[in-house]
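# Structural overview for review
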Amino acid sequence: MTDQAMDDRPHVQDLIAAFPLPTLVIDPAEQIIAVNDAAVKMMGPNAAGRHFTATLRNPKLVDAIERGLREPAPQSISYQGIENGNDIHYDVHLQQIGQTGRLLVSLQNVEGQAQAEQMRRDFIANVSHELRTPLTGMIGFIETLRTSARDDARARDKFLGTMAREAERMNRLVHDLLSLSRVEAEQRVRPTERLDLRNVMQTTLRNLDRLAIKSNVTLKPDLGEEPLLVIGEMDQLLQVFTNLLENAMKYGGADKSVEITSQIIPHDPVLRGPAIGLTIADHGPGIDPIHIPRLTERFYRADSHRSRELGGTGLGLAIVKHILNRHRGRLKISSEPGQGAKFTVILPPAQI
């Protein structure tokens, strides 16, 4: 390292210290002469004073640095690295500093953007798949009704009934997509209404009484006598409990019961404070624990065929999760095959 480089080093260090992104400076002798705090966290405390290849080993990044030291034109690249065993995507900008021949290198972790883009692609693919199946069936039925079944009244009634069910399935999917979009748009806006969860659940039970009778399912609430006060939005919490109770009735099966119980939780480890829990338990076939962590993902189903037969869109629990996120609460799911399932809504209590 030259005497001039040594003299300028504190100045260069002060300059890049203000950069929010991990940033380093490499001199013409290919040594790292300065790193800011963000870069130290990324590369470790011993990067300064070493040849850059001792710290930055990605072949694409090494090629870009060598080219940057030779050519004054700025350049930007993207590369994939590994940190703690995980793939990380970086956008890198490289530019020489004036006429010094030194190269400024700044790195931006864009893994969150890459994940968001992958989620967008997966979401579009899932929606397309969910719509393609009923649309393909309806197109086939329409073609049959136009040709071979044109004068067959029995076949016509059968096909029209199936088409009506497929159209209703698509209508439910569109409704849930719009509902999910609205919930996501409001997720950062805190609700302000003071509510008693007992009243919310009792309203939900009244709304679902006819469906319970039709499904031959007994709803058994045990909510105690004390108010369960939270800060929330009535319509959204009704949506949460309606979804969970409908699922319990569908998947629990006929001639069974669904129990609804409440509890006061002195300290919830996730909410880091006191909480109110409201549990909906069915006596159905249960859920393999391997599926539980993913049940609130969009379009994820533990049993795809059965879910579609029962009219599920694969979005209900995703909507529940986003509503509870807005309410600063969470959904706890516990189940074992053959032992039914328990879905517990956990919310922070309203401050008295």
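Heads up: the structure comes first, above all this text.
Treat the numbers as computed from the prediction; the structure is a model and nothing was measured. (Residues numbered from 1 in each chain as written. Predicted model: local features only at pLDDT ≥ 70, side-chain atom pairs only at ≥ 80, totals over all residues. Heavy atoms only, no water.)

### Let's talk about the overall build of the protein chain
Worth spelling out the cut-off: The helix and strand labels rest on DSSP assignments: H or I over at least four residues marks a helix, E over at least two residues marks a strand, and numbering proceeds from the N terminus. Two things to know: the radius of gyration comes from C-alpha atoms, and the globule rule equals 2.2 Å times the number of residues to the power 0.38. For the exposure calls, accessible area comes from a 1.4 Å probe over protein chains only, and a residue counts as buried if that area is under 20% of its type's maximum, exposed if over 50%, partly exposed in between. Contacts are assigned to residue pairs that have any heavy atoms within 4.5 Å of one another. To be clear on the numbers: accessible area is Shrake-Rupley with a 1.4 Å probe, and residue cover counts the displayed protein chains and nothing else. Positive charges are assigned to Lys and Arg, negative charges to Asp and Glu, while His and the chain termini are left out of the count. For this purpose, a charge sits on NZ of Lys, CZ of Arg, CG of Asp or CD of Glu.
In terms of helices and strands, the protein chain carries nine helices and twelve strands. Against the 2.2 N^0.38 benchmark of 20 Å for 352 residues, the protein chain shows a C-alpha radius of gyration of 29 Å, more extended than a compact globule. With the C-alpha coordinates of the protein chain rotated into their principal frame, the extents come out at 90 × 65 × 35 Å. Taken across its 352 residues, the protein chain has 41% of its residues classed as buried. Expressed as a percentage of contacts within the protein chain between residues at least 6 apart in sequence, the contacts between residues at least 24 apart total 60%. Carbon and sulfur atoms form 51% of the exposed surface of the protein chain, whose accessible area is close to 19,900 Å². Here the protein chain contributes 42 positively and 44 negatively charged side chains, and the mean placements of these two sets differ by 5 Å.

### So, empty space enclosed by the protein
Here is the rule: Cavity means a closed set of points on a 1 Å grid over the protein atoms alone, one where a 1.4 Å probe fits but cannot get out, pocket means an open set with protein on both sides within 12 Å along at least 5 of 7 lines, and lining means a residue has an atom within 4 Å of a point. Grid points are joined across faces, edges and corners, and a volume is the space filled by probe spheres set on the points. Only Asp, Glu, Lys and Arg are considered charged in this grouping, and only Ala, Val, Leu, Ile, Met, Phe, Trp, Tyr, Cys and Pro are considered nonpolar; every other residue, Gly among them, is considered polar.
Enumeration according to the criterion identifies two cavities of 30 Å³ or more in this entry. Taken as a whole, the second largest cavity spans an internal volume of roughly 30 Å³. In terms of residue count, helix H7 (residues 234–252) provides more of the lining of the second largest cavity than any other element does, three residues in total. Each residue belonging to the lining of the second largest cavity can be placed in one class, and the counts come to four nonpolar, one polar and one charged.

### Overview of the pattern of salt bridges
Think of it this way: side chains of opposite charge can pair up when their charged atoms draw near. In plain terms, the rule: A side-chain nitrogen of Lys or Arg and a carboxyl oxygen of Asp or Glu constitute a salt bridge if their distance falls within 4 Å.
Per the counting criterion, the structure on display carries seven salt bridges. With its nearest N and O atoms 3.6 Å apart, the salt bridge here joins Glu 166 to Arg 169. Pair noted here: Glu 166 and Arg 169 are both in helix H5 (residues 153–185), with a separation of three residues, about one helical turn. Here the two residues Glu 166 and Arg 169 agree in accessibility, since each one is buried. A single network of salt bridges, built from pairs that share partners, joins Glu 186, Glu 233 and Arg 326.

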